[in-house]
Every structure is written in structure tokens, then in C-alpha cells.
Amino acid sequence: MRRNVVPLLIAALSIVMVVAAFFIYRGTELSRTADMKRIQNAPSRIDERLTIQYDKPPIYQEIYSMRDVNGISTAQYQIHGYSGKLVTITAPPDRNYSVSFFFEQTVQDGIWKLVNKPPRGNTDVHYTLYVHQQVNGEHGSRTIVFTDPHYWAVTAGRQYAIHLDPKKPTPDLLHLQSTSLADPHYQRVIDDFRKFGPPSFRSKVAQAQRMIRSAH
């Protein structure tokens, strides 16, 4: 009799384990499905803006604004002259990848690596970059201020490091190790904004710039 009970117990235990495994697997798959739906339905947003402020006429301010909200892209360029004339060019909302591709290009060109810089080079023109990204419930943003991207990209100075040696209390100042402060990312990101959009958009931007300059 006992010999007949043992196989039955083993079979019953196997069935219980299979059922338990099924519900664990089903619960995991449901959780994964819920996570995927949450990610797919989570709002996504990209905002990038470049503000250029001029201390001298004819241009007072330029603003490039690019935005993508849940796959809907918009772009705007605004130029304000010392004469008081203001011109705004707006690309209407459209479901395309223009801003997404632009964002990826600026990331590749180092926008997240840029930091605030003191006034150097041509200090009559001031650049303010703003970047914000929200995706999968996570977000990050930065604001960077600097002057003369060409200066920081090409002609910035060098940084010297002095390492004190207890065996040589007086450092050799004639043979200091140095690293260049030049960073091409500043110019690359500014160029990305200047080159944004199809030829029709850039043509209108150029036309607006000529209008402001001629009004002075």
C-alpha cells in the first residue's frame, strides 16, 4: 500500500510545482507587459534652446528653440534688432524626427559635456544654451553660459599642473606639464543650431537676419 502512495505523492508534488511555476511565470510576464506599456505611454520631451545676446547693433538678440513632445516636433527662430524690429519664423507642429535627429547630433557633439565659461575672446556676444530631456520617467537639464565659441574651440589657453615632490621642495617652473583648454564642442554645438532645419527654414532665417541688419 505504501509503495502505491509514494508515486502518487511524487505526482501530486510535481503537479503543484508545475502550477506554481506557471503562476510565477505568468506574474512575471504580466509585470513585464505592464512595464512595457508604462514605458511606451510615458511622456517624452526634448527641449533645446540657444539664446545669443549682442551688446552692439544691429542685432539685439537671436533665439533658436527646438522641441519634441511625444514625437511632435516644433521649431522656432526669433531675431530682435536694436531698431525695435522683431521677426519670428515658426515651423508648425509635425510628427517627424527633425528635432530628435537634431538632439542626437548635439549630444554627439558634446552638449552634455559643456560647462560655464568666463568671458573670453569676443565678449560682446553672449551665448546661453539650454537642454532638457525627459524619457521613460527620467529627466535631466542643463544651462550653459559662455562667450566666443571659436575662442574656446581653438585659441583657449593652457592649464598647468604643479605636483609637489617632498624630495624636491622647489618645483621646476620651467618644465611644467600642461594641457590645452581648447574644446571644439562649443563651436560644434553652435554650428548645429545654425544649420538646423531644411533649406527652406534656413533660407527664411537668413532673410530675417538681412532684414534686421538693413533696418539699422
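About the thresholds
- Residues numbered from 1 in each chain as written.
- Predicted model: local features only at pLDDT ≥ 70, side-chain atom pairs only at ≥ 80, totals over all residues.
- Heavy atoms only, no water.
- Helix = DSSP H or I, 4+ residues; strand = E, 2+ residues; numbered from the N terminus.
- Buried < 20%, exposed > 50% of the residue type's maximum accessible area, 1.4 Å probe, protein only.
- Contact = heavy atoms within 4.5 Å.
- Phe/Tyr/Trp six-rings, centres within 6.5 Å; stacked < 30°, edge-to-face > 60°.
- Lys NZ or Arg CZ within 6 Å of the ring centre and 35° of its normal.
- Pairing = 2+ DSSP bridges.
- Axes fitted to C-alpha atoms, helices over the stretch in contact; angles between N-to-C directions.
- Salt bridge = Lys/Arg side-chain N within 4 Å of Asp/Glu carboxyl O.
- Polar contact = N/O pair within 3.5 Å; in protein donor to acceptor, adjacent residues only side chain to side chain.

A closer look at the overall build of the protein chain
- A count of helical and extended segments in the protein chain gives 5 helices and 8 strands.
- When the helices and strands of the protein chain are placed in sequence order, the string is α-β-β-β-β-α-β-β-α-β-β-α-α.
- For the protein chain, the residues scored as buried account for 26% of the 216 residues in total.
- Counted over contacts in the protein chain with a minimum sequence separation of 6, partners at least 24 positions apart contribute 57%.

Here's the deal with the packing of aromatic side chains
- For the structure on display, the rule yields 10 aromatic pairs.
- Where tyrosine 60 meets tyrosine 82, the ring centres are 5.4 Å apart and the plane angle is 90°; that geometry is what we call edge-to-face. Within this pair, whereas tyrosine 60 is found in strand β2 (residues 59-69), its partner tyrosine 82 is found in the loop between β3 (72-81) and β4 (86-94), the two being separated by 22 residues in sequence.
- Under the relative-accessibility criterion, tyrosine 60 is labelled partly exposed at 33%.
- A relative accessible area of 36% means that tyrosine 82 is categorised as partly exposed.
- Site record: aromatic cluster; members linked through ring pairs are Tyr64, Tyr77, Phe102, Phe193, Phe196 and Phe201.
- Just above the ring of tryptophan 152 sits the side chain of lysine 117; from NZ or CZ to the centre is 4.7 Å.

Some remarks on the sheet that holds β2
- Taken in spatial order, the 6 strands make up an open sheet running β4-β3-β2-β1-β5-β6, and their pairing is antiparallel. The outermost strands of the open sheet, each flanked by one partner alone, are β4 and β6 (138-147). Recorded for the sheet is a direction-independent mean angle of 5° between the axes of neighbouring strands.
- Judged from the 10 bridges that link them, strand β1 (residues 45-54) and strand β5 (residues 125-135) form a sheet pairing that is antiparallel. The partner of aspartate 47 across the bridge, within β5, is histidine 132.
- In the packing of helix α2 (residues 98-108) onto the sheet, contacts are made with β1, β2, β3 and β5, and the angle to β1 comes to roughly 70°.

Quick word on the pattern of salt bridges
- Considering all chains together, one arrives at 4 salt bridges under this definition.
- Two residues, lysine 56 and aspartate 124, come together in a salt bridge whose shortest N-O distance is 3.3 Å. Here aspartate 124 lies in the loop between α2 and β5 and lysine 56 lies in the loop between β1 and β2, a separation of 68 residues in the sequence.
- Judged by its relative accessible area of 51%, lysine 56 is exposed.
- According to the relative accessible area criterion, aspartate 124 is partly exposed, its value standing at 27%.

Side note on the pairing of β4
- Alignment of β3 against β4, held across 7 bridges, turns out to be antiparallel. Looking at β4, one finds that glutamine 76 is bridged to threonine 90.
- Where β3 hands over to β4, the hairpin turn is made up of 4 residues, of which glycine 84 adopts a positive phi near 100°.

What to know about the environment of threonine 106
- Mapping threonine 106 onto the fold places it in helix α2.
- According to the relative accessible area criterion, threonine 106 is buried, its value standing at 0%.
- In this structure, the C-alpha to C-alpha distance between threonine 106 and arginine 188, residues 82 residues apart in sequence, is 8.0 Å.
- Sequence-distant contacts of threonine 106, defined by excluding residues within four places in its chain, comprise Glu48, Ile111, Val189 and Asp192.
- Within the local environment of threonine 106, its side chain forms a polar contact with the backbone oxygen of phenylalanine 103, the two atoms lying 2.7 Å apart.

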